[in-house]
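If you want the building blocks of each chain, they are given just below.
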Amino acid sequence: MESASRGVLSDRQWADAVLLPHRPFATNNLQRGQYRMSRDDALAMRYVEHSPHALLGSIVIDCDHVDAAMRAFEQPSDHPAPNWVAQSPSGRAHIGWWLGPNHVCRTDSARLTPLRYAHRIETGLKISVGGDFSYGGQLTKNPIHPDWETIYGPSTPYTLRQLATIHTPRQMPRRPDRAVGLGRNVTMFDTTRRWAYPQWWQHRNGTGRDWDHLVLQHCHAVNTEFTTPLPFTEVRATAQSISKWIWRNFTEEQYRARQAHLGQKGGSATTLAKIEANRARATKYDEQSMWEAII
C-alpha cells in the first residue's frame, strides 16, 4: 500500500532502499522452494529475501498472532515502531526494522561483536512482540505484494543501539541445537574458528585449497546441528571468511604465542578451580543416577 504521508516508509522506498540483494531469492510458495531472480521479478513474488547472505540490512520477526500489527505499533515502551508490518488476512505478520546507515556483516570472522549484538537485538524484539523463535529470517512477506496488507512505519533506518530494549538479553546460548535466527551465524563462526586454529598447525604445509575445503566441511557439519539450517551460500561464505583469514594471517610464531597464552590461562588458579568444580558436579550427578538406577 503506497503512503503519501511525510516521514512514513513507502512501497518505492522499500523496493529501492530497504531491499538489498541485487538478485534476491524469492518464491510464491515456500513449499516449492526458493529461486534467485532479478529484483524486478522478485518484487512480484509473495516472499522475497530482504538481505543478502553477506550483509544484514533489516531485522524481520515472524509474529504468529492475529494481533501482530497491534503488538508491533502499540507497545512503544517495549520497542521502537517497526518500519513495516506485512500481514496476512488472518492478522499474522512479518514485522521489519530497517538497519542503517551501516549494515551488519555476517561473513567477517574478525568482526563478530556487531553480529553477536544483532543476535541479541533480534532476540529482544522477538520477546517483545511474541515472535516465532524458529523463524529463519531469510525470506519475508513482500510488503508490496497485493496478497499482504502492509502498514508502514518510519521512513528512516535504525541503528542497532536504537533497537535495544529491556528485553534484549545480556548473553545468548551458543549450543548449535539451541541456535536460531542470527544465532546460527554467530554459533557457526565461534565453533568453527575455535576448531580451525589448532587444525591449521596440522595442515599448514598443505595447499590453501585443501584448507578451504576442510573448513567448509566443518561448517557444514555445524550447520546440520541447527534446527533450521542456514542456506549453503551463507555456510560457504562463513567458511571462506574463516579459512582465508587464518591462512593469510597465521604464522608459526603467532600460533606458538597463542598456545602459550592459552596455557597460561588454563593454568590459572581460577580456571583450575572451575574445572575441579565442574568435575565434582558431574561426579555428583553420575553417583545420583547410579543410585536411582539401583533403587
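Structural data are supplied above this passage.
Residues numbered from 1 in each chain as written. Predicted model: local features only at pLDDT ≥ 70, side-chain atom pairs only at ≥ 80, totals over all residues. Heavy atoms only, no water.

### Overview of the pattern of salt bridges
Right, so step 1: Evaluated as defined, the whole model comprises five salt bridges.
Right, so step 2: Between Asp64 and Arg92 there is a salt bridge whose closest N-O contact spans 2.7 Å. Residue Asp64 is located in the loop between strand E5 (58-63) and helix H3 (68-73), and its partner Arg92 is located in the loop between strand E6 (84-87) and strand E7 (93-98); the two are separated by 28 residues in the primary sequence.
Right, so step 3: Salt-bridge contacts for Arg193 lead to Asp190; the nearest nitrogen and oxygen are separated by 3.3 Å. (Salt bridge = Lys/Arg side-chain N within 4 Å of Asp/Glu carboxyl O. Helix = DSSP H or I, 4+ residues; strand = E, 2+ residues; numbered from the N terminus.)

### Considering the packing of helix H4 (residues 112-129) against helix H5 (residues 183-203)
Packed helix pairs are characterised by how far apart their axes lie and by the angle those axes make with each other.
Right, so step 1: Packing of H4 against H5 leaves a shortest axis separation of 8 Å and a crossing angle of 140°. It follows that H4 is oblique to H5 by the angle criterion. The crossing of H4 and H5 is left-handed. Contacts between H4 and H5 involve Leu112, Leu115, Arg116 and His119 from the former and Gly183, Asn185, Val186, Phe189, Asp190 and Arg193 from the latter.
Right, so step 2: Classifying every residue of the contact of H4 with H5 gives four nonpolar, three polar and three charged. (Axes fitted to C-alpha atoms, helices over the stretch in contact; angles between N-to-C directions. Parallel < 35°, antiparallel > 145°, perpendicular 65-115°, else oblique. Left-handed = near helix turned anticlockwise from the far one by under 90°. Contact = heavy atoms within 4.5 Å. Nonpolar A, V, L, I, M, F, W, Y, C, P; charged D, E, K, R; others polar.)

### Some thoughts on the nonpolar core
Right, so step 1: Ranked by size, the top nonpolar core spans 42 residues in total, and within it Ile59, Trp97, Leu163 and Ile246 carry the most contacts.
Right, so step 2: Among the secondary structure elements, those contributing two or more residues to this core are E5, H3, E7, H4, H5, helix H6 (208-223) and helix H7 (232-249).
Right, so step 3: Each residue touching Ile246, except ones within four places of it in the same chain, is listed here: Ala196, Tyr197, Trp200 and Trp211. (Core = buried A, V, L, I, M, F, W, Y, C linked by side-chain atoms within 4.5 Å. Buried < 20%, exposed > 50% of the residue type's maximum accessible area, 1.4 Å probe, protein only.)

### As for the sheet that holds strand E10 (residues 149-152)
Right, so step 1: If you trace the four strands from one edge of the open sheet to the other, you get E5-E7-E6-E10, paired in antiparallel fashion. Every other strand in the sheet has two partners, leaving E5 and E10 as the edge strands with one partner each. Ignoring which end each strand starts from, the neighbouring axes of this sheet average 15° apart.
Right, so step 2: Two strands pair when backbone bridges link them, and E6 and E7 are joined in this way by four bridges, in the antiparallel orientation. Bridge pairing links Gln87 to Ala93 in E7.
Right, so step 3: Packed onto the sheet, helix H1 (residues 11-18) meets E5, E6, E7 and E10 and runs at close to 60° relative to E7.
Right, so step 4: In the packing of H4 onto the sheet, the strands contacted are E5 and E7, and the crossing angle to E5 comes to about 30°. (Pairing = 2+ DSSP bridges.)

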